[in-house]
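The primary structure of each chain is shown beneath.
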Amino acid sequence: MKSNAGSRNSSIRLFDFLTSMKFALAIVGLIALACAVGTFLPQGAEVAEYLKKNPDAEHCLGWFTRVGLTDVFFSWWFLALLAILSGNLLVCVSRRLFALRRATGLSRLRIAGTTLVHLSLLAIFLGGLIRGLFAERGFIEFREGESTTFFSTETGRIQLPFTVQLVKFAIERYPAKDDAAQPAKDIYPEKLVVSWPERKLSSVLPVAPGAELAVAPKSPQGVTGESFQIRIVRRVPDFMIDMTTREVTSRSDELRNPAILVAVSGLGGATERWLFARYPDFNMPPKGASNALAIPFDMGYEVTVTPGRQAPIKSFQSTLRILKDQTLQCEKTIEVNAPLAYGGYTFYQSGYDEHDLTWTSLQVVRDPGVRVVYLGFALMTIGLLITTYVRANSLGCAQQ
Amino acid sequence: MTLLFNLSLVACLLALIVAAVNLFVPRRPLAGAVTLLLTLGVLGLTGYLGWRWLEAGRPPFGNMFESLVVLAWAVVVVYLALRAARRIPVLGTATALLATLVLAYASAFESDIQPLMPALRSNWLTFHVFTCMLGYGAFAVSFLAAIGHLITARTLSRASPEVRGAFEIITARTISFGFLFLSVGIITGAVWANSAWGTYWSWDPKETWSLITWLVYAIYLHCRFMRLWLGRRAAWIAIIGFICVLITYVGVNFLMKSVHSYAS
Ligand code: HEM
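The model shown is predicted, which means the values in this text are computed figures rather than measured ones.

**Digging into the coordination of the iron atom of the ligand**
Part 1: Only His118 of chain A (NE2) and His222 of chain B (NE2) from the protein reach the iron atom of the ligand as donors, at distances of 1.9 Å.
Part 2: With six donor atoms in place around the iron atom of the ligand and angles of 86 to 179° between them, the coordination shape is octahedral. Of this pair, His118 of chain A sits in helix H6 (residues 105–134) while His222 of chain B sits in helix H8 (residues 205–225), placing the two residues on different chains.

As structure tokens, then:
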């Protein structure tokens, strides 16, 4: 009997210790320490990058990884610390609620305040747990006019219970600077640079279809030699070639893969080549070109940028439509900081392509835990207002 | 209008000099002058921030320069708001020194009014920066008071027990106040992140360090107000807390990659 009572006594004492504030504070301290470690060691995806730069760290990091130090915030022991803290809080909050009934006046307010603060922590943990278990996160990329019924994630795609359509994408800029010396928009001067250093040949031809240049490089002895005729036959801003017909077209009007077709003729014959601004070391004969002439000099197609006085971007906006069974459910223009929420999914403006302004990317999130977390935020704010008020008063008393 | 900023800096510097002289004069006749100069400094900064607000058409909380000005403003406001603090001459000197240093450091940053990038265009930014800076300002004063406490708590110190008690109460009060603002600052930051990026928390180094700071001050509040650890031990927690504030506010920018790097 006696030993039984003793063991019950000690288990009560153990319970008291595990639910005490001291123990709780020790756990809080450990969590803080773990967080600090997590910001100093490379975490998650950073590990591979770090190893590339510091190959010697392999051994050490391998050891860290085994105990979860390279993924602190999602390691089993970090989650266990949070779970212990939650259990502890749950008991503390319940105890406080009993005390609340007996308390009066300012002390009642104080207990109500601290109860709210501790409850709010539980709500935030719960919301985080819901996020970890149920949240979906991915992205959509599409052009003006396109629509989709799913979004992509890192591992696959998720079906949406409705259709999302991109009606319009627009970029808004701040007012431009008043600087007449700069052009209004970015301009891209293009030129063909012809060079043959040994023969002191270097010429520049501004690019325009039909532009011509005649060169007559001197031989090393200073005698004017053979002359060549260089002509720009065609220019495409966004080079694309059909591999079977070898037909060249331009994919868009943007300068994404600018290329020019240059014809060179001399005494020895004539030839044509495609030159590419993005790939200076590569050139290509066009369909059915004669290759009668070997070109003895270098030709480079260069596109530079002269930045305009275009001001920085103020916002980018996508006008979205949600459709269900062919009927319009809602339409909203979203921008960064102003997402669209519909049917449990939230669509965030996330990216765009500077070279193709009809294209945009959205982030898609479904996180049923957010409401719970926000409830926690509200409770915490109210609770802290109360405890701070009460403390300010009681401190005033202590001072007198 | 940079003139107003410079005048405020001069006011803080003068307050520092007067306060330092005051320390060596019996019965501290210049205490009123220190308070007056610091008040002028705060008014100047208020006017300067107001002007920037009008000029930019948005709250002046967009970059490192602006946040430092708000920080200096907050430090002095918290000090002036505490009557108990104004009774301790050393604290006035330390506050003037801190404000001067923060403003001087601010001058090293780009002070042109720049347009905000899309992610920063949010009302939450205003609340976030303002509450965080007010919290940091309160923590800065608590740090000064905690150091005062530790120095006067030594047995050899000639300071009276009342002064030590005052230091302790100022520490506790400013942390109590700062904790409220830091909490609201973290919450508004989370809500803002959720509206801009679809996630309220991503374990970014700056976020994580603000959480560490918050946890350390939570430990302080429990120890101090539940009478677990009082006196010097509590003062040490206050000092560790402020070191965490410094890491969160400036350290992270230099040491780690962070989405908050707009600040650098
Ligand atoms: C990160 C975690 C925590 C935070 C931010 C927090 C916050 C607070 C705050 C602000 C107060 C008010 C202090 C005052 O009245 O002056 C408080 C009081 C208190 N906390 Fe916590 N707390 C946390 C964790 C815990 C845990 C895990 C326990 C469990 C034992 C606990 C037990 C208490 C108790 C017993 C009080 C005093 C209640 C009262 O005065 O009515 N706290 N806490």
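**Section: the site of the ligand**
Part 1: Looking at the ligand, there are 23 residues lining it, with Cys92, Arg96, His118 and Arg391 of chain A together with His222 of chain B nearest.
Part 2: The environment around the ligand is built from residues contributed by chains A and B.
Part 3: Separating an oxygen atom of the ligand from a side-chain N or O atom of Arg110 of chain A is a distance of 2.8 Å.
Part 4: Between His118 of chain A and the ligand, the recorded distance is 2.7 Å, taken from a side-chain N or O atom to a nitrogen atom.
Part 5: Residue assignment for the shell around the ligand shows that the elements contributing at least two residues are helix H2 (21–40), helix H5 (76–102), H6 and helix H7 (370–399) of chain A together with H8 of chain B.
Part 6: Counting residues per element, the shell around the ligand draws most heavily on H6 of chain A, which supplies six residues.
Part 7: Of the residues that constitute the shell around the ligand, the class distribution is 14 nonpolar, six polar and three charged.

**Points about the interface of chain B and chain A**
Part 1: The interface of chain B with chain A comprises 46 residues on the first partner and 51 residues on the second.
Part 2: Interface area for chain B against chain A, summed over the two sides, is near 4,200 Å², with a carbon-plus-sulfur share of 68%.
Part 3: Summed over the three residues of chain B that lose the most area to chain A, namely Arg121, Tyr200 and Trp203 of chain B, the buried surface amounts to 16% of that side.
Part 4: Linking chain B with chain A are zero salt bridges.
Part 5: Where chain B touches chain A, the interface holds 11 residue pairs in polar contact (both at pLDDT 80 or more).

**Focus: the state of the cysteines**
Part 1: Tallied over the full model, the rule gives zero disulfides over all chains.
Part 2: Left unpaired, Cys132 of chain B is separated from the closest cysteine sulfur, that of Cys244 of chain B, by 15 Å.

**Quick word on the packing of H2 of chain A against H5 of chain A**
Residues and elements named next belong to chain A.
Part 1: Packing of H2 against H5 brings their axes to within 10 Å, and their N-to-C directions diverge by 150°. As judged from the angle between their axes, H2 and H5 are roughly antiparallel. When you trace H2 past H5, the crossing you get is left-handed. Taken together, the residues of H5 that come into contact with H2 (itself represented by Phe23, Ala24, Ile27, Val28, Leu30, Ile31, Ala34 and Cys35) are Trp77, Phe78, Leu81, Leu82, Ile84, Leu85 and Asn88.
Part 2: Broken down by class, the residue content of the contact of H2 with H5 amounts to 14 nonpolar, one polar and no charged.

**A short note on the packing of aromatic side chains**
Part 1: Inspection of the entire model under this criterion finds 32 aromatic pairs over all chains.
Part 2: With a centroid separation of 5.2 Å and 90° between ring planes, the pair formed by Tyr105 of chain B and Phe109 of chain B is classed as edge-to-face.
Part 3: The exposure class of Tyr105 of chain B is partly exposed, given its relative accessible area of 32%.
Part 4: The partly exposed category is assigned to Phe109 of chain B, whose relative accessible area is 23%.
Part 5: Pairing Phe177 of chain B with Phe181 of chain B gives two aromatic rings, centres 4.7 Å apart and planes at 45°, and the pair type is tilted. Residue Phe177 of chain B and its partner Phe181 of chain B are both found in helix H7 (residues 161–197); the two are separated by four residues, about one turn of the helix.
Part 6: Pairwise contacts between aromatic rings join Phe73, Trp77 and Phe78 of chain A together with Trp201 and Trp203 of chain B into one cluster.
Part 7: Over the face of the ring belonging to Phe150 of chain A we find Arg157 of chain A, whose NZ or CZ atom lies 3.6 Å from the ring centre.

**Quick look at the domain arrangement of chain A**
Part 1: Taken domain by domain, chain A holds domain 1 (2–40 + 75–135 + 370–399), domain 2 (141–174 + 312–364) and domain 3 (184–303).
Part 2: Between the C-alpha centres of domain 2 of chain A and domain 3 of chain A the distance comes to 42 Å.

**Points about the environment of Val37 of chain A**
Residues and elements named next belong to chain A.
Part 1: Relative to the helices and strands, Val37 resides in helix H2.
Part 2: Under the relative-accessibility criterion, Val37 is labelled partly exposed at 30%.
Part 3: For the pair Val37 and Thr70, spaced 33 residues apart in sequence, the C-alpha separation works out to 9.2 Å.
Part 4: Beyond its immediate stretch of four places on either side in the chain, Val37 contacts Leu69 and Val72.

**Regarding the nonpolar core**
Part 1: Within the largest apolar cluster, 127 residues are counted, with the highest numbers of intra-cluster contacts made by Ile170 and Trp214 of chain B.
Part 2: Residue contacts for Trp214 of chain B: discarding those within four places in its chain leaves Leu121 and Met380 of chain A together with Phe179, Leu182, Ser183 and Ile186 of chain B.
Part 3: Within the second largest apolar cluster, 21 residues are counted, among which are Leu192, Trp196, Val207 and Ile295 of chain A.

**With respect to the domain arrangement of chain B**
Residue and element names in this part refer to chain B.
Part 1: Each domain of chain B was delimited in the assignment, giving domain 1 (1–63 + 83–111) and domain 2 (119–264).
Part 2: One C-alpha centre belongs to domain 1, the other to domain 2; they are set 21 Å apart.
Part 3: In this complex, domain 1 contributes 13 residues to the contact, which on the side of domain 2 involves 16 residues.
Part 4: When domain 1 packs against domain 2, the two sides together hide about 1,100 Å² of surface, and 85% of this comes from carbon and sulfur.
Part 5: Three residues, Phe61, Ile88 and Leu91, lead the burial of domain 1 against domain 2; their summed loss comes to 45% of the area buried on that side.
Part 6: Seen at the junction of domain 1 and domain 2, the total is zero salt bridges.
Part 7: Where domain 1 meets domain 2, there are zero residue pairs in polar contact (both at pLDDT 80 or more).
Part 8: It is helix H5 (residues 89–107) that contributes the most residues to the side of domain 1 that touches domain 2, five residues altogether.

Conventions used here
- Residues numbered from 1 in each chain as written.
- Chains lettered and ligands numbered in written order.
- Predicted model: local features only at pLDDT ≥ 70, side-chain atom pairs only at ≥ 80, totals over all residues.
- Heavy atoms only, no water.
- Donors = N, O, S within 2.8 Å, 3.2 Å for Na, K, Ca; no water.
- Tetrahedral: all angles 85-135°; square planar, octahedral: opposite > 155°, others 65-115°.
- Helix = DSSP H or I, 4+ residues; strand = E, 2+ residues; numbered from the N terminus.
- Near = heavy atom within 4 Å.
- Polar contact = N/O pair within 3.5 Å; in protein donor to acceptor, adjacent residues only side chain to side chain.
- Nonpolar A, V, L, I, M, F, W, Y, C, P; charged D, E, K, R; others polar.
- Contact = heavy atoms within 4.5 Å.
- Buried area = accessible area lost by both parts, 1.4 Å probe.
- Salt bridge = Lys/Arg side-chain N within 4 Å of Asp/Glu carboxyl O.
- Disulfide = S-S within 2.5 Å.
- Axes fitted to C-alpha atoms, helices over the stretch in contact; angles between N-to-C directions.
- Parallel < 35°, antiparallel > 145°, perpendicular 65-115°, else oblique.
- Left-handed = near helix turned anticlockwise from the far one by under 90°.
- Phe/Tyr/Trp six-rings, centres within 6.5 Å; stacked < 30°, edge-to-face > 60°.
- Buried < 20%, exposed > 50% of the residue type's maximum accessible area, 1.4 Å probe, protein only.
- Lys NZ or Arg CZ within 6 Å of the ring centre and 35° of its normal.
- Domains from an automatic or database assignment.
- Core = buried A, V, L, I, M, F, W, Y, C linked by side-chain atoms within 4.5 Å.

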